[in-house]
Structures are given as C-alpha cells and as structure tokens.
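Listed here are the chains, written in short residue letters.
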Amino acid sequence: MKIFDTSSIVCIFREVQYPKILDACKDLGYRLSITPQVYEEIMENPETFQHLEAYGNVEIVPDGDTECYKKLAKRYPWLHKGELSVLCAGVAIEQDKKRCYCVIDERARNLRDKLQIRVTGTVGLILWERERLALTGGECHDLYNRFLQSSFHIKKEVLQGLLK
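Residues numbered from 1 in each chain as written. Predicted model: local features only at pLDDT ≥ 70, side-chain atom pairs only at ≥ 80, totals over all residues. Heavy atoms only, no water.

Asker: Report on the overall build of the protein, specifying residues and quantitative values.
Answerer: Secondary structure summary: the protein contains 11 helices and five strands in total. By its C-alpha atoms, the protein is 45 × 35 × 30 Å across when sized along the principal axes. Of all 164 residues assigned to the protein, the portion counted as buried reaches 45%. Considering only intrachain contacts with a sequence separation of at least 6, the fraction spanning at least 24 residues in the protein is 65%. Roughly 8,700 Å² of accessible area belongs to the protein as shown, and the carbon and sulfur atoms make up 49% of that amount. Averaging the positions of the 24 positive and the 24 negative side-chain charges in the protein gives two centres separated by 6 Å. (Helix = DSSP H or I, 4+ residues; strand = E, 2+ residues; numbered from the N terminus. Buried < 20%, exposed > 50% of the residue type's maximum accessible area, 1.4 Å probe, protein only. Contact = heavy atoms within 4.5 Å. Areas by Shrake-Rupley, 256 points an atom, 1.4 Å probe, with all protein chains shown as cover. Lys, Arg positive; Asp, Glu negative; His and termini not counted. Charge placed at Lys NZ, Arg CZ, Asp CG, Glu CD.)

Next up, the structure:
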C-alpha cells in the first residue's frame, strides 16, 4: 500500500502532470491510498480534485488513532493535517504488521526513524519505480524537466537522481 500526502497528489496531477507514476505503483501490485484529511485538502482545490476523481482507483484509508494525531500535532506544529494523518495511518498499519509506504514531503519524512515507518518522497517513489523497470530512464529524464518547469520545490541534488 502507498499512502499519499496532498503535496504528492498535487505534484503528480498538476505540477508534473504524470499520472503514470500512480499507474506504475498499481502495476507493481500496490494499492493507492489517501486519508480523509488528505481527501479534504484535495477537495479545497477543484482542479486537483477533478483529476483525482477522474483517475479513480485511490482508496480512502483510516488515519490512525486520535492519540497519535494529537501527539504529533503538539510536537510538530509545522505539519499540516494531511501530513499528520498520513504519518498516523502509516503507524497504525505498521502496528498491524502490514506493510505500507507513506509518500510525503521532506519535513514529515524526517520522522521516519522516530515513528519506525517506511517513508519516501515523490522523487524517491519515481526512482523506486525506475529500479523496478516500471519507468524508463527516458521517462525519468522527462520528469526531471517537468519538475524544473513546475513550482514544486525539490532540492537540486534530489532531482539529479532522475538523470542517472
């Protein structure tokens, strides 16, 4: 299972306009998921919401327990509701001995070791898909250029990985 944060969904549908990133996850046998909070955040942007609804095949999963959410919100006030819910969903799924990856931005990814969950970013997901031959080197090069033309902020050294 891959649990996506709002920023990754916005990036895939609106910034780089490459839903094949999601297709590759499905083709590799992963369920695509978001939390109710992420769904609410996406609904606030009609264009992204329209893309998500048209795409389909993305399930809404429970966001973990309230205590996890409150604890993380208090300790990390800079994280928004969607990020918090994705992290808590990841914690709950891992506690059930199931495997998942949270696809989330850098600030939240820094908590992966503390929460003992699997976390990656949008570019990390793309690189993983390339390793599994679900995306080609040419597609990754195209995505590199799309990222450069987008307003999505990713460190240059991270983007360089798409060119290798």
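Asker: Give me the lowdown on the packing of helix 3 (residues 36–43) against helix 6 (residues 81–95), citing residues and values where you can.
Answerer: Relative orientation of the contacting elements helix 3 and helix 6 amounts to 155 degrees, with a least axis distance of 7 Å. In terms of axis orientation, helix 3 runs roughly antiparallel to helix 6. For the pair helix 3 and helix 6, the crossing hand works out as left-handed. The residues of helix 6 that touch helix 3, namely those facing Gln37, Val38 and Glu41, are Lys81, Gly82, Ser85 and Val86. Tallied by class, the residues present in the contact of helix 3 with helix 6 amount to two nonpolar, three polar and two charged. (Axes fitted to C-alpha atoms, helices over the stretch in contact; angles between N-to-C directions. Parallel < 35°, antiparallel > 145°, perpendicular 65-115°, else oblique. Left-handed = near helix turned anticlockwise from the far one by under 90°. Nonpolar A, V, L, I, M, F, W, Y, C, P; charged D, E, K, R; others polar.)

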